[in-house]
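Understanding the architecture of this molecule
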Amino acid sequence: MTNPVEPLRIGVLGAARIAELSLVGPARATGHRLVAVAARDRSRAESFAAEHGVERVLDSYADLIADPEVEVVYNPLANGLHGPWNLAALAAGKHVLTEKPSASNTEEAVEVRDAVAKAGTVFMEAFHYLFHPVTRRLHELLDSGELGELRHVEALVAVPAPPAEDPRWSLPLAGGALMDLGCYSLHALRMLAPWAGGAPTLVSATGGGREGAPEVDEWLDADLAFPGGATGSARCHMDYSELRMTCRIVGSRGEATAMNFVLPHLDDRVVVRTAAGERTEELGKRSSYTYQLEAFAARVRDGAALPLDAEDAVTTMRLIDDCYRDAGFQPRPRTALPRP
């Protein structure tokens, strides 16, 4: 595919499985370059590069960040390594596309935000769902008035359990269902502020710890309230019977449900119910990650507006920490930057 803008020169931290879906495929589809990859185990990086067409393998994360050819750093590392390596990449003057959340807790997210301001580079959390026509359609339905005034929203992001050794179950690596999944639910509710009289605030949260690791949340439910009177429910579960990622918006005149708002390439349906009847809209299964990379590149190359920035990341992280405290957990600890 011909790229209308100069290709981004992207360096990938780690050889994470998610990178194939979240970056490799989108870069291939849009003509951007994967110039380098580094992993803790060089052999893994070499296998990743060979499989995915990455141009070079470097010895360490620090080497990748220092490489002058790398202009964008993509950070899909374990949650606890987002903050430290985002800070390192920003200090090196790189643009950063980081998996969510941007940091382990609010204090660290504020440091990242301040580093972005100092670097003057483009920084974005990878809330890719926001760029897909499925989510845009939910917002359009509110904007058009077809659903009436917003009354209630329910977002559920749930998956079958990762393996026991997965870093998503590790407290030192800032694991937990809310960090990995619930951030989508909370963010989706936050993005409804324009139709709800302002941003939501936490009413209460409950959660359950993982057997054998009670400080790590296996599930968490948060109830929120909007200034305009609407209510919200943001739920997440990391040991669920199936993959479910639904967002249901209820208005005074009707409701709409996205059947998979997080991964719409798996299910692009939005079901709309009003007094006129029920209809199902199919919004397209092109990857939300591809839309995201296009938007990020347009920002880097042309200064195009983005709906996400480092301040937005702080707001999300603050809400995550509030949910943890109210549900009886502690905010996730910071992870010290590993030696190069």
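An account of the accompanying structure is given in this report. These numbers come from a predicted model, not from an experiment.

Scoring rules and cut-offs
Residues numbered from 1 in each chain as written. Predicted model: local features only at pLDDT ≥ 70, side-chain atom pairs only at ≥ 80, totals over all residues. Heavy atoms only, no water. Helix = DSSP H or I, 4+ residues; strand = E, 2+ residues; numbered from the N terminus. Rg over C-alpha atoms; globule rule 2.2 N^0.38 Å. Buried < 20%, exposed > 50% of the residue type's maximum accessible area, 1.4 Å probe, protein only. Pairing = 2+ DSSP bridges. Contact = heavy atoms within 4.5 Å. Salt bridge = Lys/Arg side-chain N within 4 Å of Asp/Glu carboxyl O. Axes fitted to C-alpha atoms, helices over the stretch in contact; angles between N-to-C directions. Parallel < 35°, antiparallel > 145°, perpendicular 65-115°, else oblique. Left-handed = near helix turned anticlockwise from the far one by under 90°. Nonpolar A, V, L, I, M, F, W, Y, C, P; charged D, E, K, R; others polar. Expected span 1.5 Å × (residues − 1). 1 Å grid on protein atoms, 1.4 Å probe; cavity = no way out; pocket = protein on both sides within 12 Å on 5 of 7 lines; lining within 4 Å. Points joined across faces, edges and corners; volume = space filled by probe spheres on them. Core = buried A, V, L, I, M, F, W, Y, C linked by side-chain atoms within 4.5 Å. Polar contact = N/O pair within 3.5 Å; in protein donor to acceptor, adjacent residues only side chain to side chain.

**Side note on the overall build of the chain**
Helix and strand counts for the chain stand at 9 helices and 14 strands. Here the chain has a C-alpha radius of gyration of 20 Å; the compact-globule value for 340 residues is 20 Å, and the two agree. By principal-axis analysis of the C-alpha atoms, the chain measures approximately 60 × 50 × 40 Å. Relative to its full complement of 340 residues, the chain shows a buried share of 58%.

**Digging into the sheet that holds strand β3 (residues 56-57)**
Ordered in space as β3-β2-β1-β4-β5-β6, the 6 strands form an open sheet in which the pairing is parallel. Among the strands making up the open sheet, the edge pair consists of β3 and β6 (123-125). In this sheet, strand β5 (residues 95-98) lies alongside strand β4 (residues 72-75) in parallel orientation, the contact comprising 4 bridges. Bridged to N75 within β5 is T98.

**A closer look at the environment of T274**
Tracing the chain through its elements places T274 in strand β13 (residues 269-274). Spatially, the C-alpha atoms of T274 and G328 are 39 Å apart, while their sequence positions differ by 54 residues. Ignoring sequence-local partners within four residues, the contact set of T274 consists of E146, L147, R253 and G254.

**Quick look at the pattern of salt bridges**
Tallying each qualifying case throughout the model produces 34 salt bridges. As a salt-bridge pair, R301 and E6 come within 3.9 Å of each other at their nearest N and O atoms. On the criterion of sequence distance, the pair formed by R301 in helix α8 (residues 288-302) and E6 in the segment before β1 (9-13) is long-range, its members being 295 residues apart. Taken together, the shared-partner salt bridges connect R33, E55, R56, D67 and E69 into one network.

**Section: the packing of helix α1 (residues 18-30) against helix α2 (residues 42-52)**
Look at α1 against α2: their axes get within 12 Å of each other, and the N-to-C directions meet at 40°. Regarding the angle of α1 to α2, the classification is oblique. In this structure, α1 meets α2 at a crossing whose hand is right-handed. Contact residues: A19, E20, V24 and R28 in α1; F48, E51 and H52 in α2. Per-class residue counts for the contact of α1 with α2 are 3 nonpolar, 1 polar and 3 charged.

**Some words on helix α6 (residues 133-144)**
Between its first and last C-alpha, α6 extends 15 Å over 12 residues, near the 16 Å set by a 1.5 Å rise per residue. Those residues of α6 hidden inside the fold are in contact with β7 (150-158), β11 (244-251), β12 (254-258), β13, β14 (277-282) and α8. Downstream of α6 by a residue or two, G145 has a phi angle that is positive, lying close to 90°.

**A few points about the layout of surface pockets**
One number sums up the size of the largest pocket: a volume of about 1,200 Å³. Contributions of two or more residues to the lining of the largest pocket are made by α1, α3 (61-66), α4 (82-91) and α7 (177-190). Of the residues forming the lining of the largest pocket, the biggest block, 3 residues, is contributed by α7. Taken as a whole, the second largest pocket encloses approximately 160 Å³ of empty space. Along its surface, the second largest pocket is lined by V116, G120, T121, V122, F123, R299, L306, L308, D309, A310 and E311. Classifying every residue of the lining of the second largest pocket by side-chain character gives 6 nonpolar, 2 polar and 3 charged.

**Details of the nonpolar core**
Counting 89 residues, the largest nonpolar core has Y184, L186, L220, I249 and F261 as the members making the most contacts within it. With 9 residues, α7 is the single largest residue contributor to this core. Aside from chain neighbours lying at most four places away, what touches Y184 is K100, A126, F127, H128, Y129, V157, F261, V262 and Y289.

**Digging into the environment of S170**
Note on placement: S170 falls in the loop between β7 and α7. Counting along the chain gives 65 residues from S170 to N105, while the straight-line C-alpha distance between them is 15 Å. Residues in contact with S170, not counting those within four places in the same chain, are G175 and V216. A polar atom in the side chain of S170 sits 3.2 Å from the backbone nitrogen of L173.

**Some details on the side chain of N75**
Topologically, N75 is positioned in strand β4. On the accessibility criterion, N75 (0% relative accessible area) is buried. For N75, the residues in contact, after removing those within four places along its chain, are L13, L81, H82, W85, N86, L97, T98 and E99.

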